Structure formats: structure tokens, C-alpha cells
Amino acid sequence: MTDRRIVRGRIAGFSPWEDDFGYSRAVAAGDHVHVAGTTAWVDGRIEHEGDPYHQTLAAFGVGLQALAAYGLTADDVFRTRMYITHVRDADEVGRAHKALFGDSRPAATMVVVEGLIDSRMMVEIELDAYRAGLAGSLEGLSQ
């Protein structure tokens, strides 16, 4: 398992592309946390190849794990974005979204894209979350 850490309000250590491409998995901005695109890439491999429903659950699982490092949960998510590689997968991706967020019902966008960084990936998601007072709990984080 990789080292996942908060550095000055940023979370890292979820994928090899973070260092290669120079980004963080999640970044806190005040009381908001923005989670970068996540896929079913888990512990060095793509999970649930060919299964859009379970890839979506896995991708959201990665994003929710990043939020958990800030003490946030699915209930704190106010916006989701889903990028899918084929329109035929929309119902399964939407069904997975509802399974996770059906009660809280965040604002959501689903877009069909030509492809993702690995052709076995069927869905990529982004999350935005908010919790009043979060910024105060992040003060003083070390590098």
C-alpha cells in the first residue's frame, strides 16, 4: 500500500500519475475539498474490468477514501462529475451513483468522453465536498 498523506491541505499517494503529472489526489480550499479524477485503479491495478457499475463504485471508493483523510464522508459531497467512455454504460454508472448518494443527492454531471488514460477504465469521477469549519482543522499541517 502506498503512503497517503496530507501535506499543507493536499492529499497524495493514491496513484502513480500524481507524481508523474504533478497533481494531488485531493486539495482543501477553505472549507471545501476537491478530489481529482479517480478511476477503478486500486493498489496498482484496475479493478472490475468490463463492469461499469463496479468500476464506478471502486472509483468513488478511491475518492471517498481521499475525503476520509479530511474526516469527510459521502454526506459532505455536494457535487460529483462522472466521465464515461460509452453511453451504453450511463445507466449502470448512474445506478452506482444512486447507491452511494441516493439520500444526499449531490449536484451531478455525467459526460461521455472518447477515452481515459487506460483503455480498460470505463469511468472516471470527481468529487467536491464541504464542511463548515474544516479550514480551521487543517491549520498547522506540516509538509
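Residues numbered from 1 in each chain as written. Predicted model: local features only at pLDDT ≥ 70, side-chain atom pairs only at ≥ 80, totals over all residues. Heavy atoms only, no water.

1. Remarks on the layout of surface pockets
In this structure, the largest pocket occupies an estimated 180 Å³ of space. Residue lining of the largest pocket: 14 residues in total, with Trp17, Tyr23, Arg25, Gly37 and Thr39 positioned closest to the centre. Secondary-structure elements contributing two or more residues to the lining of the largest pocket are helix H1 (17-21) and strand S4 (32-38). In terms of residue class, the lining of the largest pocket is built from eight nonpolar, four polar and two charged. (1 Å grid on protein atoms, 1.4 Å probe; cavity = no way out; pocket = protein on both sides within 12 Å on 5 of 7 lines; lining within 4 Å. Points joined across faces, edges and corners; volume = space filled by probe spheres on them. Helix = DSSP H or I, 4+ residues; strand = E, 2+ residues; numbered from the N terminus. Nonpolar A, V, L, I, M, F, W, Y, C, P; charged D, E, K, R; others polar.)

2. Some remarks on the side chain of Thr38
One can find Thr38 in strand S4. Residue Thr38 is classed as buried on the basis of its relative accessible area of 1%. In contact with Thr38, other than residues within four places in its own chain, are Arg25, Ala59, Val62, Gly63, Val123, Glu124 and Ile125. (Buried < 20%, exposed > 50% of the residue type's maximum accessible area, 1.4 Å probe, protein only. Contact = heavy atoms within 4.5 Å.)

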